[in-house]
Structure formats: C-alpha cells, structure tokens
Amino acid sequence: MDAILSGAGLVFNLQTLVVILAAAAFGMFVGAIPGLTATMAVALLVPVTYFMEPIPAIAAMVTTAAVTIFAGDIPGAYLRIPGTPSSAAYVDEAYAFSQRGKASECLGIALVCSVIGGIVGTLVLIFVAPYLAEFALNFSAFEYFWLALLGLSCAVFISPGSHLKAVLSLCIGLSLATVGLDSTTGSPRFTFGVTDLMGGVNFIPVMIGLFAIAEVMRFTSKPADELAVTVKDTGRVFGEVKPALRQHWKSVLRGSGTGSLIGVLPGAGSDIAAWVSYAVSRKFSPTPDKFGSGHAEGIVETSSSNNAAVSGSWVPALVFGIPGDTITAVVIGVLYMKGMNPGPAIFMEGGSMVYALFMVFIIANLVMLPVGYIAIRMGKGFVATPTRIVMPIVLAFCIVGAYSINNSTVDVMLMLMAGVAAYGLGRAGFPAAPIILGLVLGGLLEKSFMSAMIRSDGDLLAFFSRPISASLGALVILIWLLPLLLRLMRRVTAYKQRADA
C-alpha cells in the first residue's frame, strides 16, 4: 500500500498533471495533421523530456502516443487522408460516414472506443507484465539472444511490402549498432577518428532524422496545394456513441483483445493491429456488405484495437527491454537516459515507480476524452493547417532537439544524414522501422551473443541447452522457415488440384 501511495504522489502533482495535459494537446495537434506520425510526435518530445524528472518524462510520451493515434482519425474523417498509418485501415469507412454529415459522430465513436481500448491494453500491462517479469528473472544471455532475434525477425515479417527490403533495412540498423567501442575488447570500431562516435551512434538524433526529417522532406517535395475541407458536419460528438456501443459491444471487446495481443508481439504495434482488426471485424460481421459505406462496426473495433496495441506494446518494452513498436523503441532510449533500465528488475525493485507508470497509462487514456472532444469540435481548423507553416517549425524542433542532447554538432549531422537516407530509402520502398529496431536491439544482440559464447566456450549448441532458450530458438527458426513452408504447401495444394483435374 505504501508503494501505491508513493506512486500516486509521483503522478498526482501539479507538474505531472500539467505535462500530461500539454502532451495531450501536442499529440492531438500533431496527429490531426495529415502525415505526421505518433512516432514522430514522440521523437520530437525527446529533447524536452531530457530536462524532466522520470515520471513526467514518461507521462509526456505515453500521453502523446495514445492521443496521436486517435487524432489521426480526424483528417481521415474530413479529408480521406489518414493522419497516422494506423488510421489508414479504416479511413474509407470514416470518410463515408462523414459524407452523410456525421463526421462528429464518427469521431466521437472512435474517441470513446480508443479510450476503452487503451484502458483494456493498460489492464493487460498491469496484470501480465509483473508475472512475465518474474519469469524473465530466469533469463540468461542465451535467452536474451534469442529474444532479440525474435524481435528483429517479427519486425521483418510484419513490415509492409517486400521482406527482402525489410531485411536490408534491418541490416543498416544493425550496422549502425556496431559503431563505437567493442563491448568485449573495448577497441574502437568504425569511428573514423570522430571522438563523439566512441560511445556509439547516438540513438535519438538518428531516430529524429528517420521519422521527422524524412517527413519534412516528403512534404516539401509535394505540390503546395492547400487542404480543402468539403465535408459537412451537422452532428453531435457523442450522439451515436451509446447506440454503437450497445449494438457492437462484442466488437469493442474483440478489438481491444486483438490489439493487446498484437501489441505484446515485439515489433508489431498499432499499425498492424488496425489492419488485422478491420479484417477480423469484416470477417465476423453479420453485415459485411455494409463495410466501406460508413458502417460503425468497423470503426468501433479498429479504433479499440489501435490504442490497446499502444498500451500492449509496453509489455515487452518494460519486461525485456525489447521494443513492442517504434514508439516504445524511442521510449526505451529515454528510460535508459533517466536511469530506469527496462527489464524484470523494474518490477522487482521499482516499487512506487512501477505503480506510478500504471497510473500514468490510465490517466493518459482518460484525458483523451476532454481533449479529444475539443479537438473534434476544432477538427476542421486542425486538418486545414498549411504544411508551409508546420514544417519549418518541425525542422527547427529537430535541429534544436538533436543539438541539445549532447551539445554536439555531430548529433545534428547524424540526424540530417539519417533523414536524407530515410527519404531516399522510402522513395525506393525500404521501411524505416527495421532500421531503428536494428539500432536499438543490435547492442543487446551482440552483447548477449558474446557473453553466451564466452560462457559456453564457443559451443553453439549451448544456445539450445536450456529449456526456455531452446523454445525461443525453435520459435525463431520456425518464423524464418515459415515463408518457405507456406510456399511449399501452396505448391503441394496446386499439384493435388491439377492431379484431381
């Protein structure tokens, strides 16, 4: 009880509550501008959180991520342009809903379901993470090696587009993780005489470049046409929430559960959860023919799944230090910066800090209701903000933020180079998420591998000598072989069909 009261004291104070409200407003604004992602919003906050206490810093990022995911629905409803990638799954549904003059009702349903999904995901975090932490205390270097490989493998196989391009992106991230002092011998690698690189490639400037500078470049390369909001909106924000929840409560629960489970998978996140939930909703709907014409069922299930995945992705991040998605990849860096090393020790020794984190998640989701209501009422103004005004401000934030972390121009150069590279790779269809996951997990992968090899005296079979390690290893190998097995099954099925014919 003392730990709970101490945790409440860390959260329910003026500084933390003001930070949560400010982060909610910031996340709502960024999410409502088409193309600006939740990861970008969190990345822009990193330099600001550098000067905060641990709990307000984490509260700012948790709130920003949760609110930005919902806010991406606003331009989807008014402009048929998803504000964030996770909103793309049901943007046609939301726009068709709004074509009937019910944009506010559509967004009201999405807002309430986002809050419900976020709270369900938080409950999963609260009840699952401590038990996983106790289980994780049995992990050695062998298990952490396979766990890091599992996170990297999942990031590749769930990436949209070509898996080969995702692998190449991942290799770029792993290559960047090798820069700096060797974790075993202490000798410098790939530093090219630059003293600032002796400690490795700074994670935060690279991440800002990948997700913020690249977005600025994409927007400036497009024609500077003003956004025109043509949808009429004559409805009330919460006018259809109660009927939608009464009719589709099973969809809310199913979407929240699906999002929580997908969020727990390393490398997945809200984008994957949204697409899966929309497909599941249509599959099990009694009226699948209504989908695409402005049907509330798809919006209910998918918006619940979005925010449930955001909370669920914190389970692997806090318990194992493995990013559940790109947002938690950013926050893991901040946790290290604040001396809160993610892992089972947080739950075993954290005490009041852990309870404070849980309370922050609940408050962050609840604060979405009033802030989201205001944002919906002001929605047309948000989505019509000219990019020529927004992008210079974003660029200034990026440069100042990258420099302020270590007061180093090298970090600014890293950020700019990462942004230019991400822009070029994006034009060629290479995803950016595997790069950042490779950079985050590369150090853990190398350190675990070298420690395990030293312990086993170079015996590779030792990676399968422990039950948990062998299970994780078998799972990783199965994931690697899955495309080959599926292709073989398709060929066998096709051969049988030809033989029967």
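Quick notes on the rules
- Residues numbered from 1 in each chain as written.
- Predicted model: local features only at pLDDT ≥ 70, side-chain atom pairs only at ≥ 80, totals over all residues.
- Heavy atoms only, no water.
- Helix = DSSP H or I, 4+ residues; strand = E, 2+ residues; numbered from the N terminus.
- Buried < 20%, exposed > 50% of the residue type's maximum accessible area, 1.4 Å probe, protein only.
- Contact = heavy atoms within 4.5 Å.
- Areas by Shrake-Rupley, 256 points an atom, 1.4 Å probe, with all protein chains shown as cover.
- pLDDT = per-residue confidence, 0-100.
- Phe/Tyr/Trp six-rings, centres within 6.5 Å; stacked < 30°, edge-to-face > 60°.
- Salt bridge = Lys/Arg side-chain N within 4 Å of Asp/Glu carboxyl O.
- Expected span 1.5 Å × (residues − 1).
- Axes fitted to C-alpha atoms, helices over the stretch in contact; angles between N-to-C directions.
- Parallel < 35°, antiparallel > 145°, perpendicular 65-115°, else oblique.
- 1 Å grid on protein atoms, 1.4 Å probe; cavity = no way out; pocket = protein on both sides within 12 Å on 5 of 7 lines; lining within 4 Å.
- Points joined across faces, edges and corners; volume = space filled by probe spheres on them.
- Nonpolar A, V, L, I, M, F, W, Y, C, P; charged D, E, K, R; others polar.
- Bend = angle between axes of the 7 residues up to and from the residue.
- Left-handed = near helix turned anticlockwise from the far one by under 90°.

## A look at the overall build of the protein chain
No. 1: The number of helices and strands found in the protein chain is 24 helices and two strands.
No. 2: Taking all 501 residues of the protein chain together, the buried fraction comes to 55%.
No. 3: The contacts of the protein chain with a sequence gap of at least 6 include a subset with a gap of at least 24, amounting to 79%.
No. 4: Entry remark: accessible area of the protein chain is about 21500 Å², with carbon and sulfur atoms responsible for 67%.

## Quick word on the confidence of the model for the protein chain
A low pLDDT score tells you not to read the predicted coordinates there in detail.
No. 1: Per-residue pLDDT for the protein chain has a mean of 78; in total, 85% of the residues score no lower than 70.
No. 2: Element-level mean pLDDT values for the protein chain span from 63 in helix 20 (residues 379-383) up to 87 in helix 22 (residues 409-427).

## A short note on the packing of aromatic side chains
No. 1: Tallied over the entire structure, the rule returns eight aromatic pairs.
No. 2: Their ring planes at 55 degrees and their centres at 5.3 Å tell us that tryptophan 146 and phenylalanine 464 sit as a pair that is tilted. Separated by 318 residues along the polypeptide, tryptophan 146 in helix 8 (residues 141-157) and phenylalanine 464 in the loop between helix 23 (433-455) and helix 24 (467-500) bring together distant segments of the chain.
No. 3: Residue class for phenylalanine 464 comes out partly exposed when judged on its relative accessible area of 39%.
No. 4: Their ring planes at 85 degrees and their centres at 5.0 Å tell us that tryptophan 314 and phenylalanine 361 sit as a pair that is edge-to-face. With tryptophan 314 in helix 15 (residues 314-320) and phenylalanine 361 in helix 18 (residues 352-366), the pair connects residues that are 47 residues apart, well separated along the chain. Of the two residues examined, tryptophan 314 and phenylalanine 361, each falls in the buried class.

## Structural notes on the pattern of salt bridges
No. 1: Under the criterion given, the structure shown has four salt bridges.
No. 2: Arginine 189 is the salt-bridge partner of glutamate 446, the closest N and O atoms lying 2.7 Å from each other. Of the two residues, glutamate 446 sits in helix 23 while arginine 189 sits in strand 2 (residues 188-189), which places them 257 residues apart along the sequence.
No. 3: By relative accessible area, which is 21% here, glutamate 446 ends up partly exposed.
No. 4: Classification of arginine 189 as buried rests on a relative accessible area of 17%.
No. 5: One salt bridge connects arginine 254 with glutamate 301, and the closest N-O pair in it is separated by 2.9 Å. Taken together, the residues arginine 254 in helix 12 (residues 249-264) and glutamate 301 in helix 14 (residues 296-312) connect sequence positions 47 residues apart.
No. 6: Connected through salt bridges with shared partners, the residues Asp182, Arg189 and Glu446 form a single ionic network.

## A closer look at helix 16 (residues 326-337)
No. 1: In this model, helix 16 (12 residues) spans 17 Å end to end at C-alpha, consistent with the 16 Å of a helix rising 1.5 Å per residue.
No. 2: With respect to burial, helix 16 is a largely interior element, 10 of its 12 residues being buried.
No. 3: The set of residues buried in helix 16 consists of Thr326, Ile327, Thr328, Ala329, Val330, Val331, Ile332, Gly333, Val334 and Leu335.
No. 4: Downstream of helix 16 by one or two residues, glycine 339 has phi in the positive range, about 80 degrees.

## Description of the packing of helix 3 (residues 38-49) against helix 16
No. 1: Closest axis-to-axis distance for the helix 3/helix 16 pair is 9 Å, and the angle between their directions is 10 degrees. The angle between helix 3 and helix 16 places the two elements in the roughly parallel class. Residues Ala38, Thr39, Val42, Ala43, Val46 and Thr49 of helix 3 lie in contact with helix 16, whose contacting residues are Thr326, Ile327, Val330, Val331 and Val334.

## Description of empty space enclosed by the protein
No. 1: The full count for this structure, using the stated rule, is one cavity of 30 Å³ or more.
No. 2: Taken together, the elements giving at least two residues each to the lining of the largest cavity come down to helix 4 (54-71), helix 14 and helix 18.
No. 3: No other element matches the three residues that helix 14 contributes to the lining of the largest cavity.
No. 4: The residue makeup of the lining of the largest cavity, split by class, is four nonpolar, four polar and no charged.

## Some remarks on the environment of cysteine 398
No. 1: Assignment of secondary structure puts cysteine 398 in helix 21 (residues 387-406).
No. 2: In the structure, cysteine 398 is positioned 355 residues away from alanine 43 in sequence and 8.8 Å away in space, judged by C-alpha atoms.
No. 3: Cysteine 398 has contacts with Leu44, Ile208, Ala212, Ile213 and Met415, leaving out every residue within four places of it along the chain.

## Considering unusual backbone geometry
Trans is the common state for peptide bonds, and a negative phi is the common state for residues other than glycine.
No. 1: Of note, the phi angle at phenylalanine 190 is positive, near 55 degrees, even though the residue is not glycine.
No. 2: Tracing the chain through its elements places phenylalanine 190 in the loop between strand 2 and helix 10 (203-220).
No. 3: Residue class for phenylalanine 190 comes out exposed when judged on its relative accessible area of 52%.
No. 4: For aspartate 457, which is not glycine, the phi dihedral falls at a positive 60 degrees.
No. 5: Look at aspartate 457 and you get exposed, because its relative accessible area is 74%.

## Observations regarding helix 24
No. 1: Bending of helix 24 peaks at approximately 45 degrees at the position of leucine 481, with proline proline 483 no more than four residues after it.
No. 2: Of all the residues in helix 24, the buried ones are Ser469, Leu472, Gly473, Val476 and Ile479.

## Structural notes on the packing of helix 2 (residues 14-32) against helix 19 (residues 368-377)
No. 1: The geometry of helix 2 relative to helix 19 is characterised by a closest axis approach of 10 Å and an angle of 35 degrees between their N-to-C directions. Along this stretch, helix 2 crosses helix 19, giving a crossing that reads as right-handed. In this structure, helix 2 uses Ala24, Ala25 and Met28 to contact helix 19, whose residues at the interface are Val371, Gly372 and Ala375.
No. 2: For the contact of helix 2 with helix 19, the per-class residue count stands at five nonpolar, one polar and no charged.

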